[in-house]
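# An overview of the molecular structure
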Amino acid sequence: MAPAFIFGGDRHYPVDIIANDTTKCIYLGRESFEKILQMNKQVGDNFRNIIATKTQFLSNKIKFLALQPIKGKIASYLLTRTKNNPENTVLLPYSQDKLADLFGVTRPSLTRAMRELVQDKIIDAQGKKVSILDRDRLENYIQ
């Protein structure tokens, strides 16, 4: 469930895990798991890949929440959502309150930043439908 925790100093998983169906669990101590990693190269490779992927995800999440200005967060979100969409249009699945929570900003700040992007003709927003008008300029907001 949390592969990195087995090797950390604090090995307590910070959330509860509840199964939806009847579940069988096995417990492997740290020493037993280390032996398995040493005995089977594929298991070791898979474990390192899991750790690396989760670390990259968390690093990107920290960058998104802490280091990006509001317009950078909006740009990242819209560009990701329209990556394979030739129309460069997305129907926002959340309210502005929920988006503000996801971005770690206040709703008025989000609304103001969106309005500025519309005024600068970088995006067009009609309700929950947002179209990217100038992808290059929007990409400039991402640090």
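Attention in this report is confined to the structure presented alongside it. (Residues numbered from 1 in each chain as written. Predicted model: local features only at pLDDT ≥ 70, side-chain atom pairs only at ≥ 80, totals over all residues. Heavy atoms only, no water.)

### Things to note about the overall build of the protein chain
Put simply, the rule reads: Secondary structure elements are taken from DSSP: a helix is a run of H or I of four residues or more, a strand is a run of E of two residues or more, and numbering for both begins at the N terminus. Using C-alpha atoms as the atom set, the radius of gyration is obtained and then compared with a globule rule of 2.2 Å times the number of residues to the power 0.38. Accessible area is worked out with a 1.4 Å probe on protein chains only. A residue is then buried under 20% of its type maximum, exposed over 50%, and partly exposed in between. By definition, residues are in contact when any of their heavy atoms lie within 4.5 Å. Note on areas: Shrake-Rupley, 1.4 Å probe, and residue coverage restricted to the protein chains presented here. When charges are counted, neither His nor the chain ends are considered; positive counts come from Lys and Arg and negative counts from Asp and Glu. A single reference atom marks each charge: NZ on Lys, CZ on Arg, CG on Asp, CD on Glu.
In terms of helices and strands, the protein chain carries 6 helices and 3 strands. Counting from the amino terminus, helix and strand elements in the protein chain follow one another as α-α-α-β-α-α-β-β-α. In terms of overall size, the protein chain is more extended than a compact globule, its C-alpha atoms giving a radius of gyration of 21 Å where 143 residues would be expected to give roughly 15 Å. In terms of its C-alpha atoms, the protein chain occupies a principal-axis envelope of roughly 60 × 30 × 30 Å. Within the protein chain, buried positions represent 27% of all 143 residues. Counted over contacts in the protein chain with a minimum sequence separation of 6, partners at least 24 positions apart contribute 52%. Accessible surface, the protein chain: about 10600 Å² in total, of which carbon and sulfur atoms supply 53%. On the protein chain, the mean spot of the 22 positive side-chain charges and the mean spot of the 15 negative ones are 1 Å from each other.

### Points about the side chain of Thr 82
Within the secondary structure, Thr 82 is located in the loop between helix 3 (70-81) and strand 1 (89-91). Judged by relative accessible area, Thr 82 falls into the buried class, the value being 1%. Discounting chain neighbours no more than four positions away, the residues touching Thr 82 are Asn 88, Thr 89, Val 90, Ile 132 and Arg 135.

### Description of helix 5 (residues 107-119)
What counts is decided by this rule: Given a helix with a known number of residues, its expected span is that number minus one, times 1.5 Å. Note that the arc is defined by the directions from the helix axis to the C-beta atoms.
When the terminal C-alpha atoms of helix 5 are compared, their 18 Å separation across 13 residues agrees well with the 18 Å that a helix rising 1.5 Å per residue should span. Within helix 5, burial applies to Ser 109, Leu 110, Ala 113, Met 114 and Leu 117. The arc enclosing the buried residues of helix 5, seen along the axis, measures out at 130°, which places them on a common side. Lining the buried residues of helix 5 we find helix 3, helix 4 (96-103), strand 2 (123-126), strand 3 (129-132) and helix 6 (135-139). Directly beyond the C-terminal end of helix 5, a positive phi value near 60° is found at Lys 121.

### Digging into the packing of helix 4 against helix 5
Between two packed helices, the angle of one axis relative to the other and the distance separating the axes together describe the packing. Applied cut-off: Orientation is described by lines fitted to C-alpha atoms, with helices fitted over the stretch in contact, and by angles between N-to-C directions that extend from 0 to 180 degrees. The cut-offs work like this: below 35 degrees is roughly parallel, past 145 is roughly antiparallel, 65 to 115 is roughly perpendicular, and the gaps in between are oblique. Each residue is assigned to one class: nonpolar for Ala, Val, Leu, Ile, Met, Phe, Trp, Tyr, Cys and Pro, charged for Asp, Glu, Lys and Arg, and polar for all the others, Gly among them.
Close contact between helix 4 and helix 5 brings their axes to 8 Å; oriented N to C, the two are set at 100°. For the element pair helix 4 / helix 5, the angle class is roughly perpendicular. Contacts from Gln 96, Asp 97, Leu 99, Ala 100 and Phe 103 in helix 4 reach Arg 107, Leu 110 and Thr 111 in helix 5. For the contact of helix 4 with helix 5, a count of residues per class yields 4 nonpolar, 2 polar and 2 charged.

### Side note on the pattern of salt bridges
Threshold: Each salt bridge in this description consists of a side-chain nitrogen of Lys or Arg and a carboxyl oxygen of Asp or Glu lying within 4 Å of one another.
Summed over the entire model, instances satisfying the criterion amount to 6 salt bridges. Notably, a salt bridge pairs Lys 41 with Asp 45, separated by 2.7 Å at the nearest N-O pair. Highlighted residues: Lys 41 and Asp 45, both in helix 2 (residues 41-67), separated by 4 residues, approximately one helical turn. You can call Lys 41 exposed: its relative accessible area is 61%. Among the residues examined, Asp 45 registers a relative accessible area of 28% and is labelled partly exposed. Between Lys 71 and Glu 116 there is a salt bridge whose closest N-O contact spans 2.7 Å. You can see Lys 71 sitting in helix 3 and its partner Glu 116 sitting in helix 5, a full 45 residues away along the chain. Three or more residues are tied together by salt bridges with common partners; here these are Lys 41, Asp 45 and Arg 48.

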